[in-house]
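Chains, contacts and geometry: an overview
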Amino acid sequence: FTVRDKFVMEKTMLFLKCFESINEDFRSKLDKIICDQRYKDEIEERLIIALDRFDESAKAEALFKFFVARINNEIGQEDFMHYLYVLDKIDFNKLETFKKFYDSEQEFTNNSNLNSFAFVGLLQLVSRLDVMVFGKNDLGSKFLKILD
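What comes next concerns the included structure.

What counts, and where the lines are drawn
- Residues numbered from 1 in each chain as written.
- Predicted model: local features only at pLDDT ≥ 70, side-chain atom pairs only at ≥ 80, totals over all residues.
- Heavy atoms only, no water.
- Phe/Tyr/Trp six-rings, centres within 6.5 Å; stacked < 30°, edge-to-face > 60°.
- Helix = DSSP H or I, 4+ residues; strand = E, 2+ residues; numbered from the N terminus.
- Buried < 20%, exposed > 50% of the residue type's maximum accessible area, 1.4 Å probe, protein only.
- Pairing = 2+ DSSP bridges.
- Arc of directions from axis to C-beta.
- Polar contact = N/O pair within 3.5 Å; in protein donor to acceptor, adjacent residues only side chain to side chain.
- Patch = residues over 30% accessible without salt bridge, like charges linked within 9 Å, V, L, I, M, F, W, Y side chains within 5 Å.
- Areas by Shrake-Rupley, 256 points an atom, 1.4 Å probe, with all protein chains shown as cover.
- Salt bridge = Lys/Arg side-chain N within 4 Å of Asp/Glu carboxyl O.
- Lys, Arg positive; Asp, Glu negative; His and termini not counted.
- Charge placed at Lys NZ, Arg CZ, Asp CG, Glu CD.
- Contact = heavy atoms within 4.5 Å.

Taken as a whole and assessed by the stated rule, the structure comprises 15 aromatic pairs. Residues Phe15 and Phe64 carry aromatic rings whose centres are separated by 5.6 Å and whose planes lie at 75 degrees to one another, so their mutual orientation is edge-to-face. Separated by 49 residues along the polypeptide, Phe15 in helix H1 (residues 3-17) and Phe64 in helix H4 (residues 58-71) bring together distant segments of the chain. Each member of the pair, Phe15 together with Phe64, is buried.

Given below as structure tokens:
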């Protein structure tokens, strides 16, 4: 195995390990959804591609949370696909900074550590006094809600 293959297997195992904690209600919903072979194939393909692309193992567990949200109809297919893109592109090492900003009373920030979150739509770009700053939005709030 190459280093890349080992890393993909590690991320896949982390994702699959999350299934140990699912309840019967979720299992029932998942069984109903995967009866549709075309949808099952599509979702498997998307999950495998996402896991392959992720640059950090922790994103595999986050992916499972978004997968659960999709199966539970907390988010639609379009949002699910967008969150797959978001997980791929954000700097997960800066996630705590992102959470702190959303938990704060601050309405805006110019913290450049949040660039990767802004450019995938988790923050809105706002012009304030001829300077671009980041503001909170619904997509970012929902992202954090699903992760927590």
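Turning next to the pairing of strand S2 (residues 124-128). As paired strands, S2 and strand S3 (residues 131-135) are joined by five bridges and run antiparallel to one another. Each residue of the ladder has a partner; that of Gln124, found in S3, is Gly135. Where S2 hands over to S3, the hairpin turn is made up of two residues, of which Leu129 adopts a positive phi near 50 degrees.

Let us now look at the pairing of S3. One ladder, built from two bridges, connects strand S1 (residues 108-109) with S3; its direction is antiparallel. When the bridges of S3 are listed, Phe108 appears paired with Gly135.

With that settled, the discussion passes to helix H8 (residues 138-147). Along H8, the residues that are buried comprise Gly140, Phe143, Leu144, Ile146 and Leu147. All buried residues of H8 fall inside an arc of 160 degrees around its axis, so they share one side. Opposite the buried face of H8, by more than 90 degrees, sit the exposed residues Asp138 and Lys145. Its side-chain oxygen placed 3.3 Å from the backbone nitrogen of Leu139, Asn137 serves as the N-cap of H8.

Before going further, it helps to examine a negative patch on the surface. Residues Asp36, Asp41, Glu42 and Glu45 make up a contiguous surface patch of negative charge. Mapped onto the secondary structure, Glu42 falls in helix H3 (residues 37-53). Residue Glu42 is classed as partly exposed on the basis of its relative accessible area of 32%.

Before going further, it helps to examine helix H6 (residues 95-103). Along H6, the residues that are buried comprise Leu95, Phe98, Lys99, Phe101 and Tyr102. Seen along its axis, H6 keeps its buried residues to an arc of 160 degrees; they face one direction. The exposed set on the far side of H6, more than 90 degrees from its buried face, consists of Lys100 and Asp103. As for H6, its buried residues are in contact with S1, helix H7 (115-118), S3 and H8.

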